[in-house]
Amino acid sequence: MKARTFRLTVLPVLVMAALAGCSLAPKYERPDAPIPVQYPEQFGQAKGASGLKVNVSTADTLASADLGWREFFRDPRLLVLIDTAIKNNRDMRIAVQRVQEARALYGVQQSERFPTIGAGANAQIQRNPESVRTGGPTADSVSRYYQAGIGMTAFELDFFGRVKNLTEAAYQQYLATEQAQRTVHINLVAQVAQAYFTLRTAEQQRVLMQQTLASRENAYSLVRTRLDAGVAGALDLNQAQSQLDTVRADLAGIERVYAQAQNALQLLLGQELPADLPEPAVFGRNQLLAAIPVGLPSDLLIRRPDIIGAEKTLLGANANIGAARAAFFPNISITGLLGFASSSLGGLFSSGNNFWSFSPQLTTPIFSGGISGNLDLAKARKNIAVAQYEKTIQTAFREVADALAGEATYSNQLDALRSLENSASETLKIARMRYENGIDSFLQVRSAEVDLYSAQRLFLQTGLESLLNRVELYKALGGGWVENSVAQAAVQDQGLAPAPVKAY
């Protein structure tokens with residue numbers, strides 16, 4: 001009775017002590033962010049190329065990471081494409097399964113913190129020769145032994161937190177994988193938008209080139225007529241022909257860009273482009289939301305999934321140091337069995353056949369270079385994780401700063417290009433009039449046509465870049481993960497957040 005009381009009292013205490021083992025992991029302190037506290041001042045109040053106003057000096061607005069992509073993007077066709085990509089994209093599916101994999105690995109590691117208890121039975125039947133029979137020659141030649149019960153196999157009493165820290169490392173890896181999935185989601189939304197805008201710009205450029213081609217054909221016909229009349233020379237005709245061939249070559253090139261943009265979209269969508277897409281919005285300044293909150297660089301630490309994931313990896317590396325340190329201390333494990341034992345199967349479960357066994361085991365390292373090496377390895381990996389975390393922060397800061405630089409400059413550039421296009425168009429009209437009246441040679445017309453065509457193409461290309469820059473800013477701030485601004489609506493309902501910054 002005393003032995004049984006001891007077993008029932010001490011064993012649970014040992015198990016509870018093991019589950020609440022101490023931790024030898026270093027105290028975690030978040031590394032200082034190696035970035036300035038403010039974005040470059042010249043971008044503090046920037047007005048984007050399409051009237052987009054950003055505020056980077058305060059954190060009084062809703063974070064872009066909480067701004068749903070259905071609110072940021074305004075083209076109904078683009079919204080359908082993004083939704084389709086999220087459902088079918090293979091990279092997205094892989095990212096989701098990576099999370100499931102990490103969750104399962106965490107569950108496997110967590111199970112090691114609890115004892116494995118199972119029921120079992122075994123029998124041993126053995127014939128012994130007379131010379132080794134316990135009862136002498138007259139004893140039974142066949143011995144029988146039956147056993148059944150509930151047992152616990154080699155459960156480690158985690159006094160020094162080895163298993164606890166390994167479980168923590170697995171948990172942090174699971175969290176880091178979750179953040180990696182969010183990063184894939186954000187990148188996918190941005191890539192679909194970029195491919196779509198490239199496709200729409202190619203359509204605009206194709207229209208421009210077709211119109212220019214028609215104009216060049218008319219100019220060529222005019223020069224041919226003047227040549228036949230003896231008014232123009234062969235040089236004028238050759239110049240008109242070169243202008244015509246240039247546009248033909250550009251048109252073939254833009255057809256290639258258009259086809260490649262379609263291919264990129266199909267890859268991102270994971271299927272062919274749907275046939276029942278809604279009508280697209282007019283391509284221009286209203287493709288994106290006209291207000292975007294930027295906040296402060298410190299917001300990136302809690303908003304960007306890749307930064308959060310890098311910190312989770314750092315936390316896991318920190319926990320692995322604790323597990324490596326615990327290996328220097330004794331390892332205590334227990335194996336136990338509680339049940340019945342008998343020499344006859346029929347009387348196995350009879351009273352008086354109670355059986356129990358308790359087998360503690362203690363091992364402690366005396367000399368093992370591998371233990372010290374594992375600790376050095378864990379420390380080195382933590383240092384790597386710190387550097388990767390800091391680099392992730394620096395990369396995020398640069399991406400936002402670069403996008404803000406674009407927002408601060410694209411507006412003026414597009415205004416200048418719009419003015420250049422107008423003046424080039426007027427110059428071409430005057431040059432054609434002077435050529436038709438015999439005042440100037442066709443060289444003036446050719447030069448004016450080249451200038452106008454270049455200005456028009458550059459305007460379309462710069463407009464595309466300005467759109468892509470705004471998408472990059474939204475992505476760099478951690479936007480694109482949530483579908484709708486649910487968090488924003490909840491906060492504003494409580495009167496805790498001001499309205500977004502308005503466009504000029």
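Calculation criteria
Residues numbered from 1 in each chain as written. Predicted model: local features only at pLDDT ≥ 70, side-chain atom pairs only at ≥ 80, totals over all residues. Heavy atoms only, no water. Salt bridge = Lys/Arg side-chain N within 4 Å of Asp/Glu carboxyl O. Helix = DSSP H or I, 4+ residues; strand = E, 2+ residues; numbered from the N terminus. Buried < 20%, exposed > 50% of the residue type's maximum accessible area, 1.4 Å probe, protein only. Contact = heavy atoms within 4.5 Å. Expected span 1.5 Å × (residues − 1). Pairing = 2+ DSSP bridges. Phe/Tyr/Trp six-rings, centres within 6.5 Å; stacked < 30°, edge-to-face > 60°. Axes fitted to C-alpha atoms, helices over the stretch in contact; angles between N-to-C directions. Parallel < 35°, antiparallel > 145°, perpendicular 65-115°, else oblique. Nonpolar A, V, L, I, M, F, W, Y, C, P; charged D, E, K, R; others polar. Core = buried A, V, L, I, M, F, W, Y, C linked by side-chain atoms within 4.5 Å. Lys, Arg positive; Asp, Glu negative; His and termini not counted.

## Considerations on the pattern of salt bridges
Scanning the entire structure with this criterion turns up 20 salt bridges. For the salt bridge of Glu-101 with Arg-98, the shortest nitrogen-to-oxygen distance reads 3.5 Å. One end of the pair, Glu-101, and the other, Arg-98, are both in helix H4 (residues 90–111), three residues apart, so they sit about a helical turn from each other. As a salt-bridge pair, Asp-250 and Arg-457 come within 3.3 Å of each other at their nearest N and O atoms. Of this pair, Asp-250 sits in helix H6 (residues 234–269) while Arg-457 sits in helix H10 (residues 442–476); the two residues are 207 residues apart in sequence, bridging distant segments of the chain. Three or more residues are tied together by salt bridges with common partners; here these are Arg-70, Asp-83, Lys-87 and Glu-483.

## Quick look at the environment of Trp-481
Along the chain, Trp-481 turns up in the loop between H10 and helix H11 (486–493). For Trp-481, a relative accessible area of 25% corresponds to the partly exposed category. Residues Trp-481 and Leu-188 lie 293 residues apart in sequence; the distance between their C-alpha atoms is 9.6 Å. Look past the residues within four positions of Trp-481 in its chain and what remains in contact with it is Gln-181, Arg-182, His-185 and Ile-186.

## A look at helix H5 (residues 162–228)
Between the first and last C-alpha of H5 there are 95 Å, a value that for 67 residues agrees with the 99 Å anticipated at 1.5 Å per step. Just beyond H5, the residue with positive phi is Gly-230, at close to 80°.

## Observations concerning the pairing of strand E4 (residues 142–157)
Of the strand pairs in this sheet, strand E3 (residues 117–127) and E4 are connected by eleven bridges, and their pairing is antiparallel. Its bridge partner lying in E4, Gln-126 is registered against Ser-143. As judged from the ten bridges shared by E4 and strand E6 (residues 331–342), these two strands associate in the antiparallel manner. Bridge pairing links Gln-147 to Ala-341 in E6.

## Observations regarding the packing of aromatic side chains
Going through the model one piece at a time under the given rule, you end up with ten aromatic pairs. Here the aromatic rings of Tyr-39 and Phe-397 are separated by 5.5 Å at their centres, their planes lie at 15°, and the arrangement is stacked. With a gap of 358 residues between them, Tyr-39 in the loop between helix H1 (2–19) and strand E1 (45–47) and Phe-397 in helix H9 (residues 369–436) connect regions that are remote in the sequence. When sorted by exposure, Tyr-39 lands in the same class as Phe-397, which is buried. Ring geometry for Tyr-106 and Tyr-174: centres 6.4 Å apart, planes at 5°, overall stacked.

## Some words on the packing of helix H3 (residues 76–88) against H6
When two helices pack together, you describe them by how their axes are tilted relative to each other and by the distance separating the axes. Contact geometry of H3 with H6 gives a least axis separation of 7 Å together with a crossing angle of 50°. The angle between H3 and H6 falls in the class oblique. Listed contacts from H6 to Leu-81, Thr-84, Ala-85 and Asn-88 of H3 are Leu-265, Leu-268 and Leu-269. Of the residues in the contact of H3 with H6, the class split is five nonpolar, two polar and no charged.

## Here we look at the nonpolar core
Ranked by internal contacts, the top residues of the largest apolar core, which has 61 residues, are Phe-73, Val-192, Phe-197 and Val-400. For this core, the elements supplying multiple residues, two or more each, are helix H2 (69–72), H3, H5, H6, helix H7 (300–303), helix H8 (305–326), H9 and H10. Looking at which element gives the most residues to this core, the answer is H5, with twelve residues. Excluding residues that lie within four positions of it along the chain, Val-192 makes contacts with Leu-78, Leu-81, Ile-82, Ala-85, Leu-265 and Leu-268. Ranked by size, the runner-up nonpolar core spans 13 residues in total, among them Ala-232, Ala-424, Ala-431 and Val-445.

## A look at the side chain of Lys-382
Position of Lys-382 relative to the elements: it lies in helix H9. Buried and without a salt bridge, Lys-382 has Glu-29 as its closest oppositely charged side chain, separated by 8.6 Å. Among residues more than four places away in sequence, those in contact with Lys-382 are Pro-26, Leu-314, Ala-317, Asn-318 and Ile-321.

These figures capture arrangement, not role.
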